[in-house]
Amino acid sequence: MTEAMHIDQAAGAATVRLRRGAGEFARSPIAQAALRFASARHARQYREIDGLPFIAHPIEVGSLLRRDGQPDEIIAAGLLHDVLEKTRTTSGELHRRFGARIAQIVESVSDDPSLADYKPRKLELRDRIAHADVGTRAVFAADKIAKVRELALLPTGQLNERRNRAKLGHYRASLDMLRRVDGHTPLVDRLDTELDRLVARAISGTRTAGTITSAAGSNRTKRRV
């Protein structure tokens, strides 16, 4: 499969997941309420990578949790996991609407806004998740799977840009932390598989670029001679 075919296939899968998303939670009133709330709060927000409505990401997280057999409140927290970071929603509002358990999970998986630099902020988040309960770590793991899949929509060359290398480093460190704390759970294993596939693409792209650069340098040398 060519890279273009791979990207088109991944983008198509993301679109299908968005279209099917609402129906996945039909049997859970709390998940339906969370999806409605998240959809309203993320309205007019779009994913930078593929232009899909941002709600595609929380829907994918919720879907991963549902298929993992997680309880309804964990699925609802997955659907809501970005509202504190990405919208004007407050913790107090989540507590009032969805109760302490769901609100606490969303708080736990959200970045500390007082930490401006990426690496210290993500390190603090990973340390916090390592000491959280298993349900919170399930939401965190599902979020990372969805994020890795989003990065997979990028051309290989862009994976090696500084910003995306930093993300890959965070996802790898997150996997290491989850593996250390939770061992081999289905979500952790899925994250491992998805991340290995993406890192292999990034490494392959680096090698290809190096070969091209080396060949170009060799040609320039020949011309100078």
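Residues numbered from 1 in each chain as written. Predicted model: local features only at pLDDT ≥ 70, side-chain atom pairs only at ≥ 80, totals over all residues. Heavy atoms only, no water.

1. A look at the packing of aromatic side chains
To keep it simple, the criterion reads: Only Phe, Tyr and Trp rings take part, Trp by its six-membered ring, and two of them pair if their centres are within 6.5 Å. Stacked means planes under 30 degrees apart, edge-to-face means over 60, and tilted covers everything else. Helix and strand definitions here come from DSSP, where helices need a minimum of 4 consecutive H or I residues and strands a minimum of 2 consecutive E residues; each element is numbered from the N-terminal end. The buried label applies to any residue whose accessible area, calculated with a 1.4 Å probe on protein chains only, is under 20% of its type's maximum; exposed applies above 50%, and partly exposed to all values in between. Definition used: whenever NZ (Lys) or CZ (Arg) falls within 6 Å of the ring centre and also within 35 degrees of the ring normal, the charge is taken to sit over that ring.
Counted under the stated rule, the structure contains 1 aromatic pair. Consider the rings of Phe37 and Phe98, whose centres lie 5.5 Å apart with planes at 80 degrees: the pair is edge-to-face. Of this pair, Phe37 sits in helix 2 (residues 29-41) while Phe98 is found in helix 6 (residues 91-108), placing the two residues 61 residues apart along the sequence. Each member of the pair Phe37 and Phe98 is classed as buried. The aromatic ring of Phe140 is capped on one face by Lys144, whose charged end is 4.1 Å from the ring centroid.

2. Observations concerning unusual backbone geometry
The backbone phi angle of Arg44 is positive, close to 65 degrees, even though this residue is not glycine. Within the fold, Arg44 resides in the loop between helix 2 and helix 3 (56-67). Take Arg44: its relative accessible area is 75%, and that puts it in the exposed class.

3. Let's talk about the confidence of the model for the chain
Here is the rule we go by: Think of pLDDT as the predictor's per-residue confidence, scored from 0 to 100. Contacts between residues were defined by any pair of non-hydrogen atoms, one from each residue, lying within 4.5 Å.
Residues with a pLDDT of 70 or more make up 81% of the chain, whose mean pLDDT is 86. The low-confidence segment residues 4-8 (pLDDT under 50) makes 7 contacts with residues lying over four places distant or belonging to another chain.

4. Here's the deal with the side chain of Lys144
Within the fold, Lys144 resides in helix 8 (residues 134-151). Excluding its chain neighbours within four sequence positions, the residues that come into contact with Lys144 are His170, Tyr171, Ser174 and Leu191.

5. Observations regarding the nonpolar core
Here is a general trend for soluble globular proteins: nonpolar side chains tend to be buried in one another's company. We apply this condition: Side-chain atoms within 4.5 Å are what join buried Ala, Val, Leu, Ile, Met, Phe, Trp, Tyr and Cys residues into a set we call a nonpolar core.
Leu65, Leu80, Leu94 and Val106 are the most contacted members of the largest nonpolar core, which has 52 residues in total. A per-element tally of this core places helix 8 first, with 9 residues. Residue contacts for Val106: discarding those within four places in its chain leaves Ala77, Leu80, His81, Val83, Leu84 and Leu94.

6. Quick look at the side chain of Asp111
For the record, the criterion: The definition of a polar contact used here is a pair of N or O atoms within 3.5 Å, where within protein one atom must be able to donate a hydrogen and the other to accept one, and adjacent residues in sequence count solely through side-chain atom pairs.
Assignment of secondary structure puts Asp111 in the loop between helix 6 and helix 7 (118-130). A relative accessible area of 15% places Asp111 in the buried class. In this structure the side chain of Asp111 is engaged in a polar contact, spanning 3.1 Å, whose partner is the side chain of Arg121. If sequence neighbours within four positions are ignored, Asp111 has contacts with Glu85, Arg121, Lys122, Leu125 and Arg128.

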